[in-house]
Amino acid sequence: MKTLEVGVQGMTCANCVGRVERGLRKTEGTLDVAVNLATERATVHYDPALTTPQALLDRVRETGYEPVTGAAEFPVQGMTCANCVNRVERALTRLDGVLTASVNLATERATVTYLPAAVTPALLRAAVRDSGYAVPEARAGEDPTDVEREAHERDLHDQRRAVTFSAVFAVPLLLLAMLPMLFMPAEMWLTAHLGAGLNVLMLALAVPVQFGPGRRFYRQGWAALRHRSPDMNTLVMIGTTAAFAYSVLVTLAPGFFQAGTAHVYFEASAVVITLVLLGKYLEALAKGRSGDAMKSLLGLQVRTARVLRAGTETEVPVDDVTPGDVITVRPGEKIPLDGVLLDGHSFVDESMLTGESVPAEKTVGAAVVGGTVNGTGTFRFRVTRVGQDTALAQIIRMVERAQGSKPPIQGLADAVVRVFVPVVLAVAAVTFLAWMLFGGPGAFQTALIDTVAVLIIACPCAMGLATPVSVMVGTGRAAELGVLFRSGAALEALQGVQVVALDKTGTLTEGRPTLTDFDVRPGFDRARVLALVAAAETRSEHPVGRAIVNAAAAEGLTLPQPGDVQAMPGFGLSARVDGHDVQVGAGHLMTRLGLDTAPLADAAARLADLGRTPLYAAVDGHLAAVIAVADPVRPGSAAAVQALHARGLQVAMITGDHAGTANAVARQLGIDTVLAGVLPDGKSAAVAALQAQGRRVAFVGDGINDAPALAQADVGVAIGTGTDVAVETADVILMSGDLRGVPNAVALSRSTLANIRTNLFWAFAYNVLLIPVAAGALTPAFGWRLSPVLAATAMGLSSVLVLGNALRLRTFRPPVPAA
């Protein structure tokens, strides 16, 4: 039996308590439940074999209340391979109250979802430390990002110093061991001058390496064994200790060995340690480069701002700026925070946030984003968002979450790694016994060397890095192009889509329609009807309504005040204007009103064929006019559709527009499938209909009114969100309003997944091919043997090659560059 304590929000009376208790008791495996209204907490005793904490939380939600959960993210230092990741994750998930724990080797961060009523962030960090790893903590007033960067730099310095120290002793040791075999005069000289003292000299050179820099393998490897989770450090510890201990015995007690069999292998243990340390150092350098995109984003953050207070400009830290403050920005300066221009005029470089290379013009009333670079003008703006609410902070947080998350393909590597090291230990034991039994003369030395080679060659470093480093570099490069992936799962899902469904208004088109036609029936005065319709639309925020109002204003018409305005989503609106009943909307609104649109059907069809949206106006129960509004196609839409076709994708358009208008736009852009006349609440059903054909669908919309369709799609892509990056229903967010970002996102997703597959293939193939070679499988037939030194070199290179392959994603070029 286990106990779960969880906070419950929303309870107001004893009935609420009873409802939550009854809901929890219905869950299979629940043994006892107590809910306290005063503390707003539920205590549940349950059988972990029959239910899980997540199932209990879901049950609380089903009863209509919200369980209180927390999320913590913190750095973890000292991890070297995939087994380290598994060990930290197990240490965290063993804590009562931890719901999920995900640890990323590339970013060296842990992300935990937990119940605050049962566990605290301090306990989470303590569990990681107890498992043998470090958790850097920020002191009061320190920036956690700076603390992590400094810790990483210290770690790099320590690794560089350890490699240098080891090399100082290992290189002469290697020369002493190898020169006599390669150069006979050297052997004769050493034998004549040192004799048996040669082994003592080699021991003296090996000890500082084995118990200096090599001490870390003992410390971490033994901790891993104690936690029953052997890892890379364990393999290095066992392998180098076996070679070192045997050599010490040969040196100090040579009489125990038969003549000609007393060989030392000090160079193997020392050089292996040096090469493993070198490989980890090169790996750390490459991992640092993989985070360059994140460093660029962090570098956009401004530390101070020039604030206007009491009529004087004062430079203050951005943390002291509050919404409503007025900030002055001079030419060439970075904009400190988000806000709206009060005065001035300039062009702002927003390329790092949106991927758009052309500076955006900013005039009074325009929004500016913190971190972007001002051009040649000077302006003042009023701050609207500060701290974690700014667009840049949200982008950084989103990229960090994506880089720290695991795509589904990582599950394959995790499953293998969980059993990999124990299997390697078993293979090493079998190798030793086989050579001892069948090795003939010198069997012990052969068994020792091959066993050490197996232990060293099989380090699972490359497996642990294969996926997270590619995700880290890929999502970082995407951020530079103005594409934000919410998670690794979204990155993987996008590459598998077969159909891209696009919303029309605001996505394929500008979303700012203009009035092109206003034809009235005989007996109606055009100016009068336009004034009535425009007056009704003054209360509407719909773009079509804005277009009609703007057209009336352009003609100088005086608009009366409307009354009793009623919006009918998907149909239109009605209002009482200057004593007249006015209705404006699509054809199905007229049908609902019982009006026959046949007299204007030909005109509507003609307008629709021209790609314009036909609407109707009725006055006092009589059909009065047909209205045409055109929404110009975005400049990049045709190129985007063409690029999607070039990648083998079908393109569909889902719109509430008249079929004629929709088909006209589709013909213009080359779209394959058109679903027209779809009401806002029907877009998700339209996406489901495309999915029902057995195809994976990405839906591209504006991320607000298209939320149900974005949620229904296999991948939801929010486009044209500007600085509003917090679109919770989207999996992928395009900071720019340019549709060309969609094929670019698909191409980057495919490149990243191809990179991950290549990494995983070589990480697995490397071990599958080389472990038998290290065990001596080729020795009987060819006499080939893999020395521990070569094994250590190959092991280090495998991780560096995986990192190098992932870093190629930094050179990704979008197939459709923005204009």
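In this text the structure is predicted, and so the values were computed from the model without any measurement.

Draft legend 1. Expanded view of the environment of T93. Here T93 is to be found in helix α3 (residues 82-93). Among the residues examined, T93 registers a relative accessible area of 41% and is labelled partly exposed. Residues T93 and V112, spaced 19 residues apart in sequence, show a C-alpha to C-alpha distance of 8.9 Å. Leaving out residues up to four positions away in the same chain, T93 has contacts with V98 and A101.

Draft legend 2. Main features of the side chain of Q691. Note that Q691 resides in helix α25 (residues 683-691). Contacts of Q691, omitting those with residues within four sequence positions, involve V697, Q712, A713 and D714.

Draft legend 3. Here's a closer look at the pattern of salt bridges. The final tally for this structure, using the stated rule, is 21 salt bridges. Among the ionic pairs, R309 bridges to D325, the shortest N-O distance being 2.9 Å. Taken together, the positions of R309 in strand β8 (residues 304-309) and D325 in the loop between β9 (312-317) and β10 (326-329) put the pair 16 residues apart, joining distant regions of the chain. R528 serves as the salt-bridge partner of D578, at 2.9 Å between the closest nitrogen and oxygen. In this pair, D578 is assigned in the loop between β21 (572-577) and β22 (580-585) and R528 in helix α19 (residues 526-537), connecting sequence segments 50 residues apart.

Draft legend 4. Summary view of the packing of helix α15 (residues 443-457) against helix α29 (residues 788-807). At a minimum axis separation of 8 Å, α15 and α29 run at an interaxial angle of 5 degrees. Our classification of the angle between α15 and α29 gives roughly parallel. Seen from α15, the contacting residues are I449, V452, A453, I456 and I457; seen from α29, they are P788, A791, A792, A794 and M795. For the contact of α15 with α29, the class distribution of residues is ten nonpolar, no polar and no charged.

Draft legend 5. Quick peek at the packing of helix α23 (residues 637-646) against helix α27 (residues 741-774). Between α23 and α27, whose axes approach to 8 Å, the crossing angle comes to 25 degrees. When the interaxial angle is binned, α23 and α27 end up roughly parallel. Facing α23, whose interface residues are A640, A643 and L644, α27 presents V742, P743 and V746. Of the residues in the contact of α23 with α27, the class split is six nonpolar, no polar and no charged.

Draft legend 6. Broad picture of the UniProt feature "domain: HMA" (unreviewed entry) in the chain. As annotated in UniProt, the feature "domain: HMA" (unreviewed entry) corresponds to residues 2-68 and 70-136 in the numbering used here. Between the end C-alpha atoms of residues 2-68 the distance is 19 Å, and the span holds 33% helix and 36% strand. Between the C-alpha atoms that bound residues 70-136 the distance is 20 Å, and the span itself is 33% helix and 28% strand.

Draft legend 7. Expanded view of the environment of A310. Topologically, A310 is positioned in the loop between β8 and β9. Using a relative accessible area of 85% as the deciding quantity, one classes A310 as exposed. C-alpha separation for the pair A310 and L649, spaced 339 residues apart in sequence, amounts to 59 Å.

Draft legend 8. A look at the UniProt feature "transmembrane region" (unreviewed entry) in the chain. UniProt marks residues 162-183, 189-211, 232-257, 263-282, 415-438, 444-467, 760-783 and 789-807 with the feature "transmembrane region" (unreviewed entry), using the numbering shown here. With 79% helix and 0% strand, the stretch residues 760-783 has end C-alpha atoms that lie 30 Å from each other. Secondary structure content for residues 789-807 is 100% helix and 0% strand, and the end C-alpha separation is 27 Å.

Draft legend 9. Structural context of the sheet that holds strand β15 (residues 373-374). Ordered in space as β13-β12-β15, the three strands form an open sheet in which the pairing is antiparallel. Either end of the sheet is taken by a strand with one partner, and the two such strands are β13 (360-362) and β15. As paired strands, strand β12 (residues 346-349) and β15 are joined by two bridges and run antiparallel to one another. Its bridge partner lying in β15, D349 is registered against V373.

Draft legend 10. Summary view of helix α14 (residues 410-438). Taking 1.5 Å per residue, 29 residues should reach 42 Å; α14 reaches 40 Å between its end C-alpha atoms and fits that length. Residue F420 marks the point of greatest curvature in α14, where the axis turns by about 40 degrees; the proline P422 follows within four residues. When α14 is considered as a whole, its buried residues turn out to be Q410, A413, D414, V417, F420, V421, V424, A428, T431 and W435. At its buried positions, α14 is contacted by α3, α9 (232-252), α15, α16 (461-480), α27 and α28 (779-782). Among the residues trailing α14, G440 stands out with phi positive, at a value near 70 degrees.

Draft legend 11. A look at the packing of aromatic side chains. Counted under the stated rule, the structure contains seven aromatic pairs. The interplanar angle of 70 degrees and the centroid separation of 5.7 Å between the aromatic rings of F244 and F266 together place this pair among those described as edge-to-face. Separated by 22 residues along the polypeptide, F244 in helix α9 and F266 in helix α10 (residues 266-290) bring together distant segments of the chain. Exposure class is identical for F244 and F266. Each is buried. The interplanar angle of 55 degrees and the centroid separation of 6.4 Å between the aromatic rings of F379 and F381 together place this pair among those described as tilted. Using a relative accessible area of 0% as the deciding quantity, one classes F379 as buried. Among the residues examined, F381 registers a relative accessible area of 0% and is labelled buried. Each residue in the set F211, Y218, F244 and F266 is aromatic and connected to the rest through ring pairs, giving one cluster. Over the ring of F571 we find R592, and its NZ or CZ is 3.9 Å from the ring centre.

Draft legend 12. Region of interest: a nonpolar patch on the surface. On the surface, W222, L225 and I238 cluster together into a nonpolar patch covering about 270 Å² of accessible area. Note on placement: W222 falls in helix α8 (residues 215-226). Of the residues examined, W222 reaches a relative accessible area of 52% and is grouped as exposed.

Draft legend 13. Region of interest: the nonpolar core. F74, M79, L92, L124, F266, F485 and L494 are the most contacted members of the largest nonpolar core, which has 138 residues in total. Looking at this core element by element, the count peaks at 13 residues for α27. Ignoring sequence-local partners within four residues, the contact set of M79 consists of C84, V85, V88, V103, N104, L105, E108 and Y133. Ranked by size, the runner-up nonpolar core spans 26 residues in total, among them V533, A547, L573 and L615.

Draft legend 14. Molecular detail of the sheet that holds strand β19 (residues 514-520). Taking strand neighbours across the sheet as the criterion, the six strands line up as β19-β24-β23-β22-β21-β20 in an open arrangement whose pairing is antiparallel. Each edge of the sheet is formed by a strand with only one pairing partner; in this case those strands are β19 and β20 (562-568). Strand-to-strand twist in this sheet, taken as the mean axis angle between neighbours without regard to direction, amounts to 20 degrees. Pairing of strand β23 (residues 613-619) with strand β24 (residues 622-630), which is carried by seven bridges, proceeds in the antiparallel orientation. Residue pairing for β24: T613 is matched across the bridge by V629. Contacts from helix α22 (residues 601-609) reach β19, β23 and β24, with the element oriented near 5 degrees to β24.

Calculation notes
Residues numbered from 1 in each chain as written. Predicted model: local features only at pLDDT ≥ 70, side-chain atom pairs only at ≥ 80, totals over all residues. Heavy atoms only, no water. Helix = DSSP H or I, 4+ residues; strand = E, 2+ residues; numbered from the N terminus. Buried < 20%, exposed > 50% of the residue type's maximum accessible area, 1.4 Å probe, protein only. Contact = heavy atoms within 4.5 Å. Salt bridge = Lys/Arg side-chain N within 4 Å of Asp/Glu carboxyl O. Axes fitted to C-alpha atoms, helices over the stretch in contact; angles between N-to-C directions. Parallel < 35°, antiparallel > 145°, perpendicular 65-115°, else oblique. Nonpolar A, V, L, I, M, F, W, Y, C, P; charged D, E, K, R; others polar. UniProt positions renumbered as here; feature names shortened; annotations may be inferred. Pairing = 2+ DSSP bridges. Expected span 1.5 Å × (residues − 1). Bend = angle between axes of the 7 residues up to and from the residue. Phe/Tyr/Trp six-rings, centres within 6.5 Å; stacked < 30°, edge-to-face > 60°. Lys NZ or Arg CZ within 6 Å of the ring centre and 35° of its normal. Patch = residues over 30% accessible without salt bridge, like charges linked within 9 Å, V, L, I, M, F, W, Y side chains within 5 Å. Areas by Shrake-Rupley, 256 points an atom, 1.4 Å probe, with all protein chains shown as cover. Core = buried A, V, L, I, M, F, W, Y, C linked by side-chain atoms within 4.5 Å.

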